Amino acid sequence: MEEFRVPVEEETYISLLKVCEWNRATQEGTRVYSRISKSTTHLSIRLGNALLSMFVRFGNLLDACLSIDPDLMTMTSVISASELLGDEKFGRGVHGYVIKAEFGIDVSVNNSLIQMYSSVGNFEEAEKLFCRMGSKDVVSWTAMISGYEKNGLPDKAVETYNQMEFEGVTPDEITIASVLSACASLGLLDTGIKLHELSNKTRLIEYTIVRNTLIEMYSKCRLVDKALEVFKQIPEKNVISWTSIISGLRINNRSLEALKFFRQMKLSLKPNLVTLVAALSACARVGALTYGKEIHAHVLRSGLGFEEFIPNSLLDLYVRCGRMDYAWVQFNAHKEKDVSSWNIILTGYAERGDGKLASDLFQRMIDEGVNPDEITFIALFCACSKSGMVDEGLEYFNVMKNRYSITPNLKHYACIVDLLGRAGFLQEAVEFIEKMPMKPDPAVWGALLNSCRIHKQVELGELAAKCIFEMDSESVGYYVLLCNLYSDSGKWYEVARVRKMMNERGLTVDPGCSWVEVKGSVHAFLSGDESHPQTTEINAVLEGLDERMKTAGFEIPRNSLADKVEASKADIFCGHSERLAIGFALINTVPGMPVRVTKNLYMCGDCHNMVKFISKVVRREITVRDTEQFHHFKYGICSCGDEGYWRRLSK
DNA sequence: GTAGGGTTAG
């Protein structure tokens, strides 16, 4: 840069600073700064802000602060800049300056300080400031509420909101949005509904942000139809409205509908990264490989292929669709792999019951200098459990605590109970639970109950169930497990008793549903649904296969449609919908083409047998991904160890 | 004349 020969106007400095800032020209920028500080003793606010903005972009906050004689507005900018960069130390420095320069009575300055402290998780400081503030406004309250909400303390957020209401402060749309978000994460439907009513009364409902968070709240409280209703009422839906409803449907197991909304959205709006991640997640849940690949092509074309969560979402898509080949291509193409990338691919092998490969991968991950996190170990425990690698699993449990200093949480304990129990070490599993340093939750007992089902240990299973229902009598999954334990053990009277209990408590099991992709689009099959136009043909194919199985000397699986006496076998909650999906795929695809099915429940033993047989006689590879694992059928053999490790043990 | 604080979706 040339020396300036003429007196330079402020405007010129500002332009120069902007050029340096945008070109990240640190040295030149610093030279301009030193020239400015030599040529003038007084900085105008505009010049100060330009300098500040440049230094902030360079990450040099100290210079940023020293370069100016800040006023109130500049102070708030500096504070929010330090929050943006997560630099609490600097923020504290500014705080000190605020006190010295007597800015401390300004509400806005204090609000930004509260925000800064709570966003770095320093609630002690934020609360202290908040309490000491002579005059608080709605922004101060909202800063506290959203601070709690975003940093994992949603209950404190709701509490603070109640306090605010008590003190007679009127909330605005941002307050409502923040507290609704907290209700969403807590599943506080009652409070959420009250806020909805309040929004109607105060007309705050007119703000799209309020409706958007209502969509989130209702979705997370499992009332996705209510969310749809709110969505329809938004006159000008923005990207967040669409993304909220797409992910709302996704988390309520309505991914196919979610994709429908995604398509519709694209007619009028451009999806952003968050939308794309939600859409990819929906694709992954229903095995929509072709559509997912289209999105992949689209993100590559628009240069977003390696932005933020996109690479890992794509990886997850391929793993869940059972395409480990694509998954590896994606994994290797992604240069900035993080621990999640490794976790996704590890989970893939865990779901396939490939403990050996998972443990090799774990070693590779360590060798490449990636630090495992708690999810890594959950994946590892699952892999070990499904492969019967008990000793290895227990060893990882020690390694996790001792080498990686990760304190086991309830999920880890549940995994270990599963590891021991599945392998038949039920007594050890019980002792393990007794020695836990915290109160076992329903999931821990659920792992034991599942093991009891596998090993037909009715009495111990009943004990586990009793512990579960004392804490959680709402989750249907545990009733299903208990029913299956009884039915596997031939205790029909008990099965009927549990089912009656479920009815009395108004609990229903999701209907069985299977998805299959044929010629690029996904078709859904509900168990027992005969409304599909090709039902007759599908049934004919399945009956034909039944015949062939009979001739081949197989035990004939019962036909789900003719299934009248329900509580008579281990598969009462399977629904057999995968049979319909497979039948449909066989009719509509060319011979030899692999069939990939995804289902929302566990696959029962009968279906497992039947699919094994089908894969043999029609000479097709058939993949069924159920809620627990992948079953890859080929030549009459399943990848889960023919009948699955746990199935063999239970015989 | 303009500017600063709290803002929803993964």
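- Where an unreviewed UniProt entry is consulted, chain A appears under the name Pentatricopeptide repeat, with the organism given as Macleaya cordata.

**What about the packing of helix H28 (residues 458-471) against helix H29 (residues 476-488)?**
- For the pair H28 and H29, interaxial distance at closest approach is 11 Å and the crossing angle is 165 degrees. It follows from the interaxial angle that H28 and H29 lie roughly antiparallel. The interaxial crossing formed by H28 with H29 has left-handed handedness. In this structure, H28 contributes Val458, Gly461, Glu462, Ala465, Ile468 and Phe469 to the contact, and H29 contributes Tyr478, Tyr479, Leu482, Leu485 and Tyr486.
- Its residues assigned to classes, the contact of H28 with H29 comprises nine nonpolar, one polar and one charged.

**Brief notes about the packing of aromatic side chains**
- Overall, the coordinates contain 21 aromatic pairs when judged by the stated rule.
- Here Phe130 and Trp141 contribute two aromatic rings whose centre-to-centre distance is 4.9 Å and whose plane-to-plane angle is 85 degrees, an arrangement assigned as edge-to-face. Residue Phe130 is located in helix H8 (residues 123-132), and its partner Trp141 is located in helix H9 (residues 138-150); the two are separated by eleven residues in the primary sequence. We note that Phe130, like Trp141, is buried.
- The interplanar angle of 70 degrees and the centroid separation of 5.3 Å between the aromatic rings of Tyr318 and Tyr326 together place this pair among those described as edge-to-face.
- Residue classification places Tyr326 among the partly exposed residues on the basis of a relative accessible area of 26%.
- An aromatic cluster of at least three residues, connected via ring pairs, comprises Phe362, Phe377, Phe381, Tyr396, Phe397, Tyr404, Tyr413 and Phe432.
- For the cation-ring pair, Arg323 lies above Tyr326, with the distance from its terminal atom to the ring centre recorded as 4.2 Å.
- Taking the ring centre of Phe331 as reference, the NZ or CZ of Lys337 above it sits at 4.7 Å.

**A look at the layout of surface pockets**
- Estimates place the volume of the second largest pocket at around 740 Å³.
- Lining the second largest pocket are 31 residues; nearest its centre among them are Ser181, Thr213, Glu216, Ile240 and Ser244.
- Counting residues per element, the ones that place at least two in the lining of the second largest pocket are H9, helix H11 (173-186), helix H13 (208-220), helix H15 (239-251) and helix H17 (273-286).
- Here the lining of the second largest pocket is composed, by residue class, of twelve nonpolar, 14 polar and five charged.

Criteria and thresholds
- Residues numbered from 1 in each chain as written.
- Chains lettered and ligands numbered in written order.
- Predicted model: local features only at pLDDT ≥ 70, side-chain atom pairs only at ≥ 80, totals over all residues.
- Heavy atoms only, no water.
- Axes fitted to C-alpha atoms, helices over the stretch in contact; angles between N-to-C directions.
- Helix = DSSP H or I, 4+ residues; strand = E, 2+ residues; numbered from the N terminus.
- Parallel < 35°, antiparallel > 145°, perpendicular 65-115°, else oblique.
- Left-handed = near helix turned anticlockwise from the far one by under 90°.
- Contact = heavy atoms within 4.5 Å.
- Nonpolar A, V, L, I, M, F, W, Y, C, P; charged D, E, K, R; others polar.
- Phe/Tyr/Trp six-rings, centres within 6.5 Å; stacked < 30°, edge-to-face > 60°.
- Buried < 20%, exposed > 50% of the residue type's maximum accessible area, 1.4 Å probe, protein only.
- Lys NZ or Arg CZ within 6 Å of the ring centre and 35° of its normal.
- 1 Å grid on protein atoms, 1.4 Å probe; cavity = no way out; pocket = protein on both sides within 12 Å on 5 of 7 lines; lining within 4 Å.
- Points joined across faces, edges and corners; volume = space filled by probe spheres on them.

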